[in-house]
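Here's the letter readout for the chains.
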Amino acid sequence: MKDDKIYLSRPHMGGREQEYINDAFAKNWIAPLGDNVNKFEIMLQKYTGAKAALALSSGTAAIHLALIESGVRKNDIVFCSTLTFCASANPILYLQAKPVFIDSELATWNMCPKALEKAFQKYSKMGQKPKAVIVVNLYGQTAQYDEIVALCKAYGVPLIEDAAESLGSSYGNKMSGIIGDFGTLSFNGNKIITTSGGGMLLSHNSKALEHALFLATQARDEAPYYEHSELGYNYRLSNICAGIGLGQLEVLEDRIKARRAIFDRYKENLKSKVLTFQTEITNTKSNRWLTAFLLSNNSNTLTPTTIINKLADNNIEARRVWKPMHMQPLYNKYDYISVDNDNAQSIFERGVCLPSSSDLTLQQQDKVISIVQEIMKATK
Ligand SMILES: *Cc1c(COP(=O)(O)O)cnc(C)c1O
């Protein structure tokens with residue numbers, strides 16, 4: 001059966017993935033250890049410039065371990081971007097710590113440095129300090145890190161960069177993933193490259209990653225029998241999945257080029273007074289994982305839902321922008337800090353993510369563009 005549905009972001013194999021998997025079969029390394037895992041870590045270390053890398057079963061696991069290695073324990077406070085996928089925040093609750101959600105700014109849609117400063121001031125007045133700050137790089141665009149890094153340094157709080165969506169993006173001369181004390185990547189099926197499922201924890205702190213490896217492999221003490229003095233997890237990436245990752249890394253630059261070209265084409269063809277796109281701020285490069293746009297405030301008839309439904313009628317998958325964490329039933333009892341206009345909520349209410357798979361053909365892009373143009377004309 002031919003599947004002519006246009007997906008939001010689907011896996012795109014490079015061609016050599018199967019060879020690495022076959023190699024794992026030939027050596028019978030069908031386990032969470034083996035050559036592919038080691039190579040995958042070394043290659044990502046080199047690519048990002050991280051001192052150490054730890055391959056894990058998911059990006060969520062990487063965030064969980066980054067929080068533990070930052071010293072987060074029960075009842076501690078963790079500042080976190082509010083406009084994100086739940087996986088950025090859920091590990092805070094795994095540890096029974098308390099999230100404080102921070103609003104976005106309107107250029108990158110990421111954590112607003114002014115709101116972060118306000119949060120630091122508010123909590124320090126109460127004699128409290130967060131144990132970590134989690135900053136997300138939405139849809140590939142990095143946050144305003146000059147300000148954010150300076151604030152975290154001034155308050156002496158570890159910064160965790162959730163780079164699940166921003167592998168291959170950069171900020172100044174740094175690759176995304178190494179801007180904070182810890183960086184976390186995801187290789188879920190919808191990300192820019194995939195291992196079918198997987199993640200990576202990056203850091204310049206090799207010691208912390210050694211301990212994270214210990215925790216990720218059930219925290220087995222050195223002893224001639226099974227001895228455990230700490231709570232461990234089964235979080236290691238399998239050698240089979242790492243094989244897929246090796247094949248995918250060979251084509252990462254092509255995938256970035258393709259996604260950036262798709263973004264440019266959408267932007268060029270949908271240019272309009274009622275649409276705005278995420279800004280690639282000075283000194284940054286986005287992998288443009290997903291192309292998303294905002295509708296202007298003053299349109300009652302042109303809404304994200306009208307656009308998404310119309311695209312769905314044409315067998316095209318589009319999505320709303322993430323619903324902010326502070327608006328979620330699971331999280332709305334926790335503190336939320338904003339300086340001006342609840343930007344994250346506004347982005348959620350006005351945002352649409354367009355199909356951005358790296359194998360999207362020009363014809364498919366044209367189909368999406370012409371449908372969106374039609375709706376814009378009809379609702380003018
Ligand atoms: C995908 C994603 C994650 C989680 O990664 P998994 O590998 O699916 O666990 C975390 N944060 C953000 C922002 C993501 O988009």
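Structure: see above.
Presented here is an overview of the structure given in this document. What you see is a predicted model, and the numbers here were worked out from it, not measured in a lab.

Inspection of the entire model under this criterion finds 14 aromatic pairs. Where Trp-109 meets Tyr-139, the ring centres are 6.3 Å apart and the plane angle is 90°; that geometry is what we call edge-to-face. You can see Trp-109 sitting in the loop between β3 (98-102) and α5 (113-125) and its partner Tyr-139 sitting in the loop between β4 (132-136) and α6 (145-155), a full 30 residues away along the chain. Tyr-139 carries the same exposure label as Trp-109, and that label is buried. Each residue in the set Phe-85, Trp-109, Tyr-139, Trp-289 and Trp-322 is aromatic and connected to the rest through ring pairs, giving one cluster. In this structure, Arg-288 packs its charged tip against the face of Phe-263, placed 3.5 Å from the ring centre. Sitting over the face of the ring of Phe-348, Arg-320 holds its NZ or CZ atom 4.6 Å from the ring centroid.

Turning our attention to helix α8 (residues 239-249). Across the 11 residues that make up α8, a large majority, 11, are buried. Here α8 has its buried residues at Asn-239, Ile-240, Cys-241, Ala-242, Gly-243, Ile-244, Gly-245, Leu-246, Gly-247, Gln-248 and Leu-249. Put simply, Ser-238 is the residue that caps the front of α8, since its side-chain oxygen is 3.3 Å from the backbone nitrogen of Ile-240.

All right, on to the packing of α5 against α6 then. The N-to-C vectors of α5 and α6 enclose an angle of 15°; their axes lie 9 Å apart at closest approach. Here α6 runs roughly parallel to α5, going by the angle between their axes. When you trace α5 past α6, the crossing you get is right-handed. Contacts between α5 and α6 involve Pro-113, Leu-116, Glu-117, Phe-120, Gln-121 and Ser-124 from the former and Glu-147, Ile-148, Leu-151, Cys-152 and Tyr-155 from the latter. Classifying every residue of the contact of α5 with α6 gives seven nonpolar, two polar and two charged.

What counts, and where the lines are drawn
Residues numbered from 1 in each chain as written. Predicted model: local features only at pLDDT ≥ 70, side-chain atom pairs only at ≥ 80, totals over all residues. Heavy atoms only, no water. Phe/Tyr/Trp six-rings, centres within 6.5 Å; stacked < 30°, edge-to-face > 60°. Helix = DSSP H or I, 4+ residues; strand = E, 2+ residues; numbered from the N terminus. Buried < 20%, exposed > 50% of the residue type's maximum accessible area, 1.4 Å probe, protein only. Lys NZ or Arg CZ within 6 Å of the ring centre and 35° of its normal. Polar contact = N/O pair within 3.5 Å; in protein donor to acceptor, adjacent residues only side chain to side chain. Axes fitted to C-alpha atoms, helices over the stretch in contact; angles between N-to-C directions. Parallel < 35°, antiparallel > 145°, perpendicular 65-115°, else oblique. Left-handed = near helix turned anticlockwise from the far one by under 90°. Contact = heavy atoms within 4.5 Å. Nonpolar A, V, L, I, M, F, W, Y, C, P; charged D, E, K, R; others polar.

Distances and angles like these do not, on their own, reveal function.
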